[in-house]
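Descriptive structure summary
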Amino acid sequence: MSTALETRRSGRVQTDPPLAGLWQLCRHIVRRDRVRMIVWAASMTLFVVYFTFALTTVFDEAALAARGAVMSTPSGIVMGGPGYGLDDYTPSVAMANEGITWLVLSMAIMSILHVVRHTRAGEENGTAELVRASTVGRNTTAVAAMLTLTGHLLVIAVLGTAGLVLVGEDVPVADAFAMMLGSVLAALVFGTVALVTSQVTAHSRGATGAALAVFAVAFVVRAAGDLQETGGSALSWFSPIAWAQQMRSFVDLRWWPLLLPVAATALLLVIAAQLARRRDFGAGLMAGRPGPSGASMLLRSPFALAWLQQRGAMLWTALAMGLMWFGAGTMMSTLNEMVADLVDENPMLAAMFGSDPSAFTASFLGAMVMFISVTVGAYAIVMGQRPKTEEASGRLELALSNPIGRWRWLAAQLIVAGIGTVFLLAVSVFGMWAGAVLVGIEDPTFGDFVVVWVSYVPGVLTLLALTAALYGWLRRATSAGWALLAFIFVADFFGPLFDLPEWVQGLSPFHWVPTAFDGDADMSGVLGVSAVCGVLFALAFWGFRRRDVVSS
């Protein structure tokens, strides 16, 4: 990975050991990413705790049985797992059958970003050259990235196991640890895939995109294999996601599938090492395609630059979310038949979805719209931090050296981010409508979905506006938008259950949005949220114009 320092002694060339400086570089990575690592570990643990708590407290035995029946449908298999233990669907079995896919997804994204950030991205932005100026072996950077990732994943496995055991009821420790360990080892495979793609491509975004594409293929292979046969078919075993699920935690635990991710990781490490020897530092095995020598008039604007930077993330995210929520919509007919009669028997379900079984479909769709809004809100926060990335990399300084005003540049970034946010919300909402229509659910109507989409647009844009305002005034505090998103998740999903005060729930912009699919929707709250959103955008431009731009 790096070129070792060479000295000539007695006519012989001597080089530093291939792993020289490994411990120091590991410490540097942990110190640099300590906040990011803590946030990821806390998020994964909270996901496990929340899911286990909800399954244990909200769903009684009859509701769990109905949930198990839903997960045996094609849509349930695609969104969940191969279907082990559906006949005795306990909270622990539900966690393993439904949660492993999403645990692996989240931790695979974390692993890919971690490896690319400390390998290919370091070569791309020049920080790896500074590391090479010290006594560092040529393989040290890659090994340090993988070691710190492995340690981080193991910490998440331990914390997740503790959360399962403490929150669940009579959860076997061995099964809980097996589920978490299988999930983190599957995610480690995709982190190693990112190490391979970092040798092939010349840019960090290309390496990240290629690794995510491998995960998408693995998801499709796992889903197709599980659809062929209950418990998974031979095709399922070609996906690392299935390796964690095939451990059959809480049903019929077996440990030998752990050998598969370990072997795959070792093989990919060997491939990455061999590829690294065949490329130059800073370059990939595939040479970057040179762009045109000059730009057309249509591309010579800040808006065009922002569009080129954000369109890839927007389109790929739209494809993934559209397919996911279309699949969720196709489950509505089964859910309505199996679970609607349980609402009046379960107080927790009644508190979340209402006590009228005939209105269960609309209530459940409303909860799904809230999930969509939180997901799209996360995208809005990520895109709202793009100006900060441009400024930190020095590209903003180059842009402002041209006859381009600050407001015009920031407006281009935020307009494209806003278009992407609204587009993702539309793709998700109407994708769910299309899935529901496909299985014969005609109420709510298309017009009702349009009203819901329009109602939630100001709420998700408020998250973008808040991130932009923080960037304009306190550039280092843009991550505070994630704190608001976490509060929204708790307040809007658990506020009625926990009897949170009205003023506390009112801090969420979605609290003022009319209830989804309510025929008597009052849009006055939407106007108020829109006004707050406008004020935050105005503060963003004002603050950005007043402060200094960080120079590279």
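Residues numbered from 1 in each chain as written. Predicted model: local features only at pLDDT ≥ 70, side-chain atom pairs only at ≥ 80, totals over all residues. Heavy atoms only, no water.

Here the focus is the overall build of the chain. For the chain, the helix and strand inventory stands at 23 helices and two strands. Burial analysis of the chain (552 residues in total) assigns 50% to the buried set. In the chain, the proportion of contacts linking residues at least 24 apart, taken out of those at least 6 apart, comes to 76%. (Helix = DSSP H or I, 4+ residues; strand = E, 2+ residues; numbered from the N terminus. Buried < 20%, exposed > 50% of the residue type's maximum accessible area, 1.4 Å probe, protein only. Contact = heavy atoms within 4.5 Å.)

Now for the nonpolar core. Note that soluble globular proteins tend to have their nonpolar side chains buried in a common cluster. Core analysis: the largest hydrophobic core is formed by 63 residues, its most contacted members being Met95, Leu103, Met107, Met179, Met180 and Phe190. Contributions of two or more residues to this core are made by α2 (34-57), α3 (61-71), α5 (91-118), α8 (140-167), α9 (173-200), α10 (204-228), α11 (240-245) and α12 (259-276). The biggest single contributor to this core is α9, with 16 residues. Contact partners of Met107, with chain neighbours within four places excluded, come to Met44, Leu153, Ile156, Ser183, Val184 and Ala187. Core analysis: the next-biggest nonpolar cluster, separate from the first, contains 56 residues, Trp409, Leu410, Val457 and Cys533 among them. (Core = buried A, V, L, I, M, F, W, Y, C linked by side-chain atoms within 4.5 Å.)

Before going further, it helps to spend a moment on the packing of aromatic side chains. A ring pair, where both rings are aromatic, is described by two values, the distance of the centres and the angle of the planes. In this structure the tally under the stated criterion is eleven aromatic pairs. Taken together through their ring pairs, the aromatic side chains of Phe430, Trp433, Phe446 and Trp453 make up a single cluster. Its guanidinium or amino end placed over the ring of Tyr471, Arg547 lies 4.7 Å from that ring's centre, counting from NZ or CZ. (Phe/Tyr/Trp six-rings, centres within 6.5 Å; stacked < 30°, edge-to-face > 60°. Lys NZ or Arg CZ within 6 Å of the ring centre and 35° of its normal.)

At their nearest, the axes of α9 and α10 sit 8 Å apart, and the two run at 140 degrees to each other. In terms of their interaxial angle, α9 and α10 are classed as oblique. Taken as a pair, α9 and α10 cross one another with a handedness that is right-handed. Across from Phe190, Val193, Ala194, Thr197 and Ser198 in α9, the residues of α10 making contact are Ala207, Ala210, Ala211, Val214, Phe215 and Ala218. In terms of residue class, the contact of α9 with α10 is built from nine nonpolar, two polar and no charged. (Axes fitted to C-alpha atoms, helices over the stretch in contact; angles between N-to-C directions. Parallel < 35°, antiparallel > 145°, perpendicular 65-115°, else oblique. Left-handed = near helix turned anticlockwise from the far one by under 90°. Nonpolar A, V, L, I, M, F, W, Y, C, P; charged D, E, K, R; others polar.)

Tracing the chain through its elements places Ala426 in helix α19 (residues 406-438). Taking C-alpha positions, Ala426 is 10.0 Å from Ile372, a pair spaced 54 residues apart along the chain.

What follows deals with the pattern of salt bridges. Evaluated as defined, the whole model comprises seven salt bridges. Of the charged contacts, one joins Asp33 and Arg117 as a salt bridge, the two residues approaching to 3.3 Å between their closest N and O atoms. You can see Asp33 sitting in the loop between α1 (22-32) and α2 and its partner Arg117 sitting in helix α5, a full 84 residues away along the chain. Here Asp33 and Arg117 have matching classes, each one buried. A salt bridge links Asp252 to Arg248; its shortest N-O distance comes to 3.6 Å. Salt bridges here are not isolated pairs; linked through shared partners, they connect Asp33, Arg36 and Arg117. (Salt bridge = Lys/Arg side-chain N within 4 Å of Asp/Glu carboxyl O.)

Bringing helix α23 (residues 524-546) into the picture now. With 23 residues, α23 ought to run about 33 Å at 1.5 Å a step, and its terminal C-alpha atoms sit 34 Å apart, in line with that. Of all the residues in α23, the buried ones are Gly525, Val526, Val529, Cys533, Leu536, Phe537, Ala540, Phe541, Gly543 and Phe544. Of the surrounding elements, those touching the buried residues of α23 are α18 (395-400), α19 and α20 (446-473). (Expected span 1.5 Å × (residues − 1).)

Attention now goes to unusual backbone geometry. Phi at Asp170 takes a positive value of approximately 55 degrees, unusual for a residue other than glycine. With a phi close to 55 degrees, Arg248 is a non-glycine residue in the positive phi region. Its location among the elements puts Arg248 in the loop between α11 and α12. Here Arg248 falls in the partly exposed class, since its relative accessible area comes to 21%.

This paragraph deals with a nonpolar patch on the surface. Together, Phe303, Trp307, Leu308, Ile415 and Ile419 make up a nonpolar patch on the protein surface, roughly 430 Å² of accessible area in all. At the level of elements, α13 (302-330) and α19 are the ones that each hand at least two residues to the nonpolar patch. The element that contributes the greatest number of residues to the nonpolar patch is α13, accounting for three residues. In this structure, Ile419 sits in helix α19. In this structure Ile419 comes out as partly exposed when scored by relative accessible area, which is 42%. (Patch = residues over 30% accessible without salt bridge, like charges linked within 9 Å, V, L, I, M, F, W, Y side chains within 5 Å. Areas by Shrake-Rupley, 256 points an atom, 1.4 Å probe, with all protein chains shown as cover.)

Along the polypeptide, Thr148 turns up in helix α8. Among the polar contacts listed, one links the side chain of Thr148 to the backbone oxygen of Ala145, at a separation of 3.0 Å. What Thr148 contacts, discounting residues up to four positions off in sequence, is Cys26, Ile29, Val30, Met37 and His114. (Polar contact = N/O pair within 3.5 Å; in protein donor to acceptor, adjacent residues only side chain to side chain.)

This part takes up α13. For α13, which comprises 29 residues, the first-to-last C-alpha distance of 41 Å matches the rise-based estimate of 42 Å (1.5 Å per residue) to within 8%. At Gln310, α13 shows its strongest bend, of approximately 45 degrees. (Bend = angle between axes of the 7 residues up to and from the residue.)

Turning to the confidence of the model for the chain, a few remarks are in order. Interpretation of the predicted coordinates at a detailed level should be avoided for regions scoring low in pLDDT. Confidence in the prediction of the chain, expressed as mean pLDDT, is 81, and 84% of residues score 70 or more. Here strand β1 (residues 6-9) is the element of the chain with the lowest mean pLDDT, 44, and α9 is the one with the highest, 93. Within the model, the stretch residues 1-14 combines pLDDT values under 50 with 32 contacts to residues more than four positions away or in other chains. (pLDDT = per-residue confidence, 0-100.)

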